[in-house]
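Understanding the architecture of this molecule
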Amino acid sequence: MSQPYDRIFNFSAGPCTLPVEVLEEARDGMLNWNGSGMGVMEMSHRGKVFDGIFQQTKAWLKELAGVPDNYQVLFLQGGATFQNTMVPMNLRGEGQTADYVVTGAWGKKSHEAAALLGPTNKAFDAKAEGYRSVPDLEAIPISPSSAYLHFTSNETIQGVEFFTDPVVSVPLVCDMSSDILSRPFDVSRYGLIYAGAQKNMGPAGVTLVIVREDLLQRTPANMQPMLDLKLMAENDSMYNTPPCWSIYMCGLVYKWMLKEGGLTVFRDRNREKASVIYRAIDESEGFFKGHADPSARSVMNVTFTLPSEELTEAFLKGAKAHQLDGLKGHRSVGGCRASIYNAFPLEGCEVLAGYMRDFAAKNG
Ligand SMILES: *Cc1c(COP(=O)(O)O)cnc(C)c1O
C-alpha cells in the first residue's frame, strides 16, 4: 500500500500535496524544458520560450474554468493576502463603500485590510456562532453606495464553504484560494476572483486573478505601479518579473486536470473524498464532532474535534504511524483538520476514516 516515492498522505492545508504526474513532469522541465536546453527557472520571462509556456498556461486555465472573453487572467505576486489591499485600492471609488461577508478567519482579514484604506460595511458576520455556517448571499442587504460585495468561498481554517455562484446587484469579489477549480463555477457571475496557487493549483508564489475587463477602468489615476491592477493587465502580468516557475507549475496542474476530465470530474471526486471522512465523524456517536454545520461542510477542509486535548494529541501522534500527516487543526479552532484538495487521493481519505474508526472504538 506504499505510495509512489514513499510519499505519505499529506493533509497539509497549504502548501499541500501536488499530483505525482505533475511533479514528475516538472522535474524534467527543471533541467531542460522541451529540448530548449534550459530549465524553466533559468529562462528569460520575456523570451519566446517562456512566453509560449505563459500563453499556454492561460489558455489551459481559460478552458478548464470556462473563462469568458471579457475577463482577463492575471498571475500576480504577494499572495491572496495582497489582494485584500489591491482590490479595495482599485475597485472602490471616491465616496463609495465596500460590503464584506465574513464567514471565517480569511474573510475577517480581508475586511480588516479594506477597512484600513476606506469605508467598508460588514454585511454579514458569522462570528457569534463560531463561524460554522454560511448565509444566503443573494438575501444579504447591500449598501446603496457599494463598490462590490466580497466573500470567501471556502474558509480554510473553519472548514465552511459556499457551493453556489450567487447573483447580486454589485460586482461580486471572491477569495477562492482554497476551493478554486474544485467544482464547475460560473465565472460570469463574478467581477473579480482571486486565489493563491498553493492549495488547488501549484506551488506558493503566484496568485491568480480573474477580473472582468470593465472593472479595470475603476483604477484611480496615479496609483502606485505595483498596486495598479490595470497596469498589471495592460502588461499581461509582466510589468516586472513574474514568478515564472510557479506559473509553469500551475500550467502543468491545469493540463493534468483537463486530461482527467475537467471540473465536473473533480467535483464528484472531491465530494466522495469528503463524504468518506464526514461519514466517519457522523458514525462515531459523538466521539468526533464536526466543526461546520452540515449544510456548510467544506469538501476541501474537514474540521473536527475529539473529546479532549489528550485524545487529540494521541490521535495526531498515532496518525503518523499510518502515514497520515498534516492533520493538526489551526490553533484558532483546535482539534483536527484534513485538507483534501484536488490532488489529494481518495485512498488517503479511506485510510484516515479507518484510523478514526479504530481510534474511536479503542478510546470512546
Ligand atoms: C491560504 C489562504 C489565504 C492566504 O493566502 P496567501 O497566498 O498566503 O496570502 C487567503 N485566503 C484563503 C481562503 C486561504 O485559504
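Nothing here was measured: the structure is a model prediction, and the numbers come from that model.

Brief notes about the site of the ligand
Near the ligand the following residues occur: G79, A80, T81, W106, T152, N154, T156, D175, S177, S178, Q198 and K199. With respect to the ligand, the backbone of A80 contributes an N or O atom lying 3.1 Å from an oxygen atom. Contacts to the ligand include T81, whose side-chain N or O atom sits 2.5 Å from an oxygen atom. Taking 380 Å² as the accessible area of the ligand by itself, protein coverage stands at 85%. No other element matches helix 3 (residues 79-91), which puts three residues into the shell around the ligand.

Comments concerning the sheet that holds strand 9 (residues 192-196)
The sheet built from seven strands is open, its strands ordered 2-10-9-8-5-3-4 with mixed pairing. The outermost strands of the open sheet, each flanked by one partner alone, are strand 2 (71-76) and strand 4 (121-125). Across the sheet, the mean angle from the axis of one strand to that of its neighbour is 15 degrees, orientation sign disregarded. Here strand 5 (residues 146-152) runs beside strand 8 (residues 172-175); their pairing, made up of four bridges, is parallel. Bridging across to strand 8, L149 finds its partner in L172. Across the sheet, helix 2 (residues 48-65) touches strand 2 and strand 10 (207-212), and the angle it forms with strand 2 is around 125 degrees.

A look at the domain arrangement of the protein chain
Looking at the assigned domains, one finds that the protein chain contains domain 1 (23-260) and domain 2 (262-363). The straight-line distance from the C-alpha centre of domain 1 to that of domain 2 is 27 Å. Every contact between the two is made by 29 residues of domain 1 and, on the other side, 26 residues of domain 2. Approximately 2,200 Å² of surface area, both sides summed, lies buried where domain 1 meets domain 2, with 57% of it carried by carbon and sulfur atoms. In terms of surface lost to domain 2, no three residues of domain 1 exceed R132, I157 and E260, which account for 25% of the buried area on that side.

So, the pattern of salt bridges
A complete count under the given rule lists 14 salt bridges for this structure. For E234, the salt bridge is made with K230, and the minimal N-O distance between the two is 3.5 Å. In this pair, E234 and K230 are both assigned in helix 5 (residues 229-234), four residues apart and thus about one turn of the helix distant. By relative accessible area, which is 27% here, K230 ends up partly exposed.

What counts and how
- Here the residue numbers are simple positions, counted from 1 along each chain's written sequence.
- Two thresholds apply to this predicted model, a pLDDT of at least 70 for residue-level local features and 80 or more for giving and counting side-chain atom pairs, whereas whole-chain, interface and lining totals are computed over all residues.
- Side-chain metrics rest on all non-hydrogen atoms present in the structure, leaving aside hydrogens and water.
- Near residues are defined by distance, with any heavy atom within 4 Å of the molecule or strand qualifying the residue.
- N or O atoms closer than or at 3.5 Å make up a polar contact, with two conditions inside protein: a donor-capable atom paired with an acceptor-capable one, and, for residues adjacent in sequence, both atoms drawn from side chains.
- Only the protein chains shown count as cover for residues, with accessible areas throughout obtained via the Shrake-Rupley method and a probe of 1.4 Å.
- Secondary structure is summarised from DSSP: a helix means a run of H or I of at least four residues, a strand means a run of E of at least two, and numbering begins at the N terminus for each.
- Paired strands, in this sense, are two strands between which DSSP finds at least two bridges.
- To obtain an axis, a line is fitted to C-alpha atoms, over the contacting stretch when the element is a helix, and the angle between two such axes runs from 0 to 180 degrees between their N-to-C directions.
- Every residue pair with non-hydrogen atoms within 4.5 Å of one another is taken to be in contact.
- Throughout the structure description, domain borders are defined by an automatic or database domain assignment.
- Two parts placed together each lose some accessible area; with a 1.4 Å probe, that loss summed over both constitutes the buried area.
- A carboxyl oxygen of Asp or Glu within 4 Å of a side-chain nitrogen of Lys or Arg is what we treat as a salt bridge.
- Between buried and exposed lies partly exposed: a residue is buried under 20% and exposed over 50% of the maximum accessible area for its type, with that area taken using a 1.4 Å probe on protein chains only.

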